[in-house]
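Below, each chain spelled out in residue letters.
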Amino acid sequence: MPTRLLVIDDDETDRMAIRRYLTRPDLDYEIEEAAMGGEALEILSRENFACVFVDYRLPDMDGIALLRELYDVDTDSMPCPFVMLTGQGSEGVMSDALRWGASDYIIKDNISADTLRIALAKAREVFDLKRTRLQMEEKLRHAQKMDAVGQLTSGIAHDFNNLLTVILGNTRLLERRLAPEKEDIDREDLARKVKAIDSAARRGAELVRHLMVFTRQRELIQNVTDLNAAIEETSKLLKRTLGEMVDVRFTGARGLWPVFVDTSQFDNAVINIAVNARDAMPKGGKFVIETSNIAVDGEYASSHGEIAPGDYVLVSLSDSGTGMPEGVRQRIFEPFYTTKAAGEGTGLGLSMVYGFIQQSGGYVHVQSEEGHGTTFRIFLPRYIAEVQEAAPSLKAKEVAGGTETILVVENDRHDRAAAREILQGMGYRTLEAASGDAALKALSEEKGAIDLVFTDIVMPGKVNGIDLAKAVYNDYPGVKVLFASGYARDAMPENRRVDDRVLIGKPYNKDTLAAKVRQILDERERYHVG
Amino acid sequence: MSAEPVRVLVVDDELSVLQVLCENLEDCGFEVSQAHDGEEAVRMIEQADVRPHVVITDIIMPRQEGLETITELRAKYPDIFLIAISGGGRTKSADFLQLAARVGADAVMPKPLDIDALEKTVRELVS
Ligand SMILES: Nc1ncnc2c1ncn2[C@@H]1O[C@H](COP(=O)(O)OP(=O)(O)OP(=O)(O)O)[C@@H](O)[C@H]1O
Ligand SMILES: [Mg+2]
């Protein structure tokens, strides 16, 4: 098989020279040529070459631009080896060429059979070496990942085996103490054993849940949550688990806003942070949790990184431990990142915390000072009850219909039919028009019969919804208008804005339309438009 | 069997495991003491008037790795029987129980522990 080469140069004489230098009876080269960068890119998108020679000066783009088109930043690689041909003294071009994936360069004045062949060999070797290195790196990454998975499973296995030891050990104790020959049965003692089994089993379940959260096999179960109540509960547990050396304190702000989170994951997050705090305070210390409401404005937001302005509940968790150097602080949320000895930390604690906060639409900010301690600030968005909650009350009143006549003006056939169905269902008589013009015609034909014009604002044709309303207000005193719009109010041009009270947003549902229609028909006044 | 009860020292960093093991071994008629880590265990043995016959130690613990404890005790007290227990190491590929046997454990047992088998092992070692 011949070795395929591509020469990109707009100067035909240069191309011929290269071809001549590379042609020798003992070498089997097949040389393709391109005069323009675009043409070359086209060829390169279809075919691969053993090496590409590219002139720096091309009519449609320079050689660096061409390299950059093909260079893959993520893998730091090119589809094939490239040799850049440059003029004398253009060091900048040479270093740029190497930066953007070329394997070698030749100064054009020095082109000869030898320099070309050497550059060709060198470029191919450099390219192969780099590719091998990339493959090795990829393999290493994979191995590290597998290693991490291995550590995770063996960590979980270790914890599980401990829990099972507790369970089996206690059942063995129960068995002996409940043996028929036993005379005095200490009920309290038995109850303690049952309790120990129960809590070990629960911890096992918790462990599985951790694992599931981590592997994202379980969906979040989000609830409207009072974080004060949640932390109150968890801090009781913390007092027991962190030991006597750690002074656990919790101060919850009064009137704390609710948030919408998976409560058990929030608990996990607090526990993970608390356990880290304990580890950072081998001689004991303080662990303080505080909550507060906080309205994040632009200024605060810009001083706290990427946090978006809005209302948040802030949970801050501080320890008086060792703190950590900046280099560690930046990496703590990475999965499997741990500074603890093998067997002591999986490095998953904070990555789960981070995952939880992200999925809850929140932010976390960590401040740490070596020798003094660490503070985690978790911002979770305030939960504000949806408007939907108002809907049932509207429904409960059972919206009244009527027998009036309504002219539905809408160019979209489906929207028109939908409106007709709803209104007829409520008892109204309906007429239809597909445009403003048609509506005006209907109005004059049906003199006096129409009570309300229900019209889209934006319609093709000479007469839009606003024009139609103005005509109605002028010529038909007594006739009311209700507008429908698929646009946000503020997106409408100034002269097309209408009063909210006579506007219904699309898509609307049956109840809101019925309520709006009834309300407008029952009102005396009409509203100014435009 | 002599009238003297068999003395067992149990070492585990997991409190719930430590407790349940001790209670079971007491039920078996042994005289049981407990330590939460290797350092404490070594200190207790050094300071005790009577040494335990058997030390049962978990392998993964903070402060002093169980393996170090085993190595140290083996060197200092060749007459104490050592049983290593482990729920599987957290470090890949290394089988801690095999390592424990190599550094001098007389018996190795995986967690979850079979209590009856543990009792049997203790009795066999001291007999
Ligand atoms: N409060 C803290 N003070 C000092 N360093 C901390 C604190 N919290 C976390 N770190 C550092 O962040 C690292 C990562 O924490 P993370 O909770 O993710 O894993 P881990 O605690 O090492 O292991 P695991 O939580 O799985 O037991 C820790 O190893 C530690 O170096
Ligand atoms: Mg942790």
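About the cut-offs
Residues numbered from 1 in each chain as written. Chains lettered and ligands numbered in written order. Predicted model: local features only at pLDDT ≥ 70, side-chain atom pairs only at ≥ 80, totals over all residues. Heavy atoms only, no water. Helix = DSSP H or I, 4+ residues; strand = E, 2+ residues; numbered from the N terminus. Buried < 20%, exposed > 50% of the residue type's maximum accessible area, 1.4 Å probe, protein only. Areas by Shrake-Rupley, 256 points an atom, 1.4 Å probe, with all protein chains shown as cover. Contact = heavy atoms within 4.5 Å. Pairing = 2+ DSSP bridges. Axes fitted to C-alpha atoms, helices over the stretch in contact; angles between N-to-C directions. Phe/Tyr/Trp six-rings, centres within 6.5 Å; stacked < 30°, edge-to-face > 60°. Near = heavy atom within 4 Å. Polar contact = N/O pair within 3.5 Å; in protein donor to acceptor, adjacent residues only side chain to side chain. Nonpolar A, V, L, I, M, F, W, Y, C, P; charged D, E, K, R; others polar. Parallel < 35°, antiparallel > 145°, perpendicular 65-115°, else oblique. Left-handed = near helix turned anticlockwise from the far one by under 90°. Salt bridge = Lys/Arg side-chain N within 4 Å of Asp/Glu carboxyl O. pLDDT = per-residue confidence, 0-100. Arc of directions from axis to C-beta.

Each helix and strand in chain B was counted, giving five helices and five strands. For chain B, the succession of helices and strands along the chain, N to C, is β-α-β-α-β-α-β-α-β-α. Counting only residues that meet the buried cut, chain B has 50% of its 127 residues in that class. For chain B, the computed accessible surface area is about 5,800 Å², with 50% contributed by carbon and sulfur atoms.

With that settled, consider the environment of Ile31(A). All names here are of chain A. Note on placement: Ile31 falls in strand S2 (residues 29-34). Ile31 sits in the buried class, given a relative accessible area of 13%. For the pair formed by Ile31 and Pro2, sequence separation is 29 residues and the distance between their alpha carbons is 9.4 Å. Ignoring any residue separated from it by four or fewer positions in sequence, one finds Ile31 in contact with Leu5, Val7, Arg19 and Leu22.

Our focus in this paragraph is the sheet that holds strand S2 (residues 31-35) of chain B. Residues and elements named next belong to chain B. The five strands lie next to each other as S2-S1-S3-S4-S5, forming an open sheet whose pairing is parallel. Looking at strand neighbours, the two that pair on one side only are S2 and strand S5 (107-110), the edges of this open sheet. Each neighbouring strand pair of the sheet contributes to a mean axis angle of 20°, computed without reference to strand direction. With respect to the sheet, helix H1 (residues 15-27) is in contact with strand S1 (7-11), S2, strand S3 (54-58) and strand S4 (81-86), its orientation differing from that of S2 by roughly 170°. This element, helix H2 (residues 38-47), spans S1, S2 and S3 of the sheet and lies at about 130° to S2.

All right, on to the packing of aromatic side chains then. All names here are of chain A. With the rule as written, the count across this model stands at seven aromatic pairs over all chains. Geometrically, the ring pair formed by Tyr312 and Phe379 is edge-to-face, given 6.1 Å between the ring centres and 85° between the ring planes. In this pair, Tyr312 sits in strand S10 (residues 310-319) while Phe379 sits in strand S12 (residues 373-381), placing the two residues 67 residues apart along the sequence. The pair formed by Tyr312 and Phe379 is uniform in burial state, with each residue classed as buried.

Before going further, it helps to spend a moment on the site of ligand 1. All names here are of chain A. Near ligand 1, the surroundings consist of 19 residues, among which Asp319, Thr338, Thr339, Lys340 and Thr346 are the closest. For ligand 1, an oxygen atom lies 2.4 Å from a polar atom in the side chain of Thr339. For ligand 1, an oxygen atom lies 2.9 Å from a polar atom in the backbone of Leu350. Residue assignment for the shell around ligand 1 shows that the elements contributing at least two residues are helix H8 (263-280) and helix H11 (349-359). In the shell around ligand 1, the residues fall into seven nonpolar, nine polar and three charged.

Residue and element names in this part refer to chain A. Running from N to C, helix H7 (residues 227-241) and H8 point in directions that differ by 40°, and their axes come no closer than 10 Å. When the interaxial angle is binned, H7 and H8 end up oblique. For the crossing formed where H7 meets H8, the hand is right-handed. Touching Leu227, Ala230, Ile231, Thr234, Leu237, Leu238 and Thr241 of H7 are Thr263, Phe266, Asp267, Val270, Ile271, Ala274 and Arg278, all from H8. Among the residues forming the contact of H7 with H8, the class breakdown is nine nonpolar, three polar and two charged.

All names here are of chain A. Relative orientation of the contacting elements helix H14 (residues 436-445) and helix H15 (residues 465-475) amounts to 20°, with a least axis distance of 9 Å. It follows from the interaxial angle that H14 and H15 lie roughly parallel. Remark: the crossing between H14 and H15 carries right-handed chirality. Contacts from Gly436, Ala439, Leu440 and Leu443 of H14 reach H15 at Leu468, Ala471 and Val472. The residue inventory of the contact of H14 with H15, partitioned by class, reads six nonpolar, one polar and no charged.

All names here are of chain A. The residue Asp262 is located in the loop between strand S8 (259-261) and H8 in this model. Asp262 sits in the buried class, given a relative accessible area of 2%. Among the polar contacts listed, one links the side chain of Asp262 to the side chain of Ser264, at a separation of 3.0 Å.

Residue and element names in this part refer to chain B. One pass over the structure, following the stated rule, counts 44 salt bridges over all chains. When the shortest N-O distance is used, the salt bridge between Asp106 and Arg74 registers 3.2 Å. Of this pair, Asp106 sits in the loop between helix H4 (96-102) and S5 while Arg74 sits in helix H3 (residues 66-76); the two residues are 32 residues apart in sequence, bridging distant segments of the chain. The class of Asp106 is partly exposed, set by a relative accessible area of 39%.

Take the confidence of the model for chain B next. Residue and element names in this part refer to chain B. Looking at chain B, the pLDDT average stands at 87 and 89% of residues meet or exceed 70. No element of chain B has a lower mean pLDDT than H4, which averages 79, and none a higher one than S1, which averages 97. In the predicted assembly, ipTM is 0.86 and pTM is 0.39.

Time to look at helix H3 (residues 63-70) of chain A. Residues and elements named next belong to chain A. The complete set of buried residues in H3 reads Gly63, Ile64, Leu66, Leu67 and Leu70. End-on view of H3: buried residues confined to an arc of 160°, all on one side of the axis. Buried residues along H3 sit against strand S1 (3-8), helix H2 (37-46), strand S3 (51-55), strand S4 (82-86) and helix H4 (91-99). Capping the start of H3 is the job of one residue whose side-chain oxygen sits 2.9 Å from the backbone nitrogen of Ile64: Asp62.

Residues and elements named next belong to chain A. If you walk across this open sheet you meet the five strands as S7-S9-S10-S12-S11, and the pairing is mixed. With one partner strand each, in any of the chains shown, strand S7 (246-251) and strand S11 (363-369) form the two edges of the open sheet. With direction set aside, neighbouring strand axes in the sheet form an average angle of 15°. With eight bridges joining them, S10 and S12 adopt antiparallel strand pairing. Pairing of Tyr312 across the sheet is with Pro381, part of S12.

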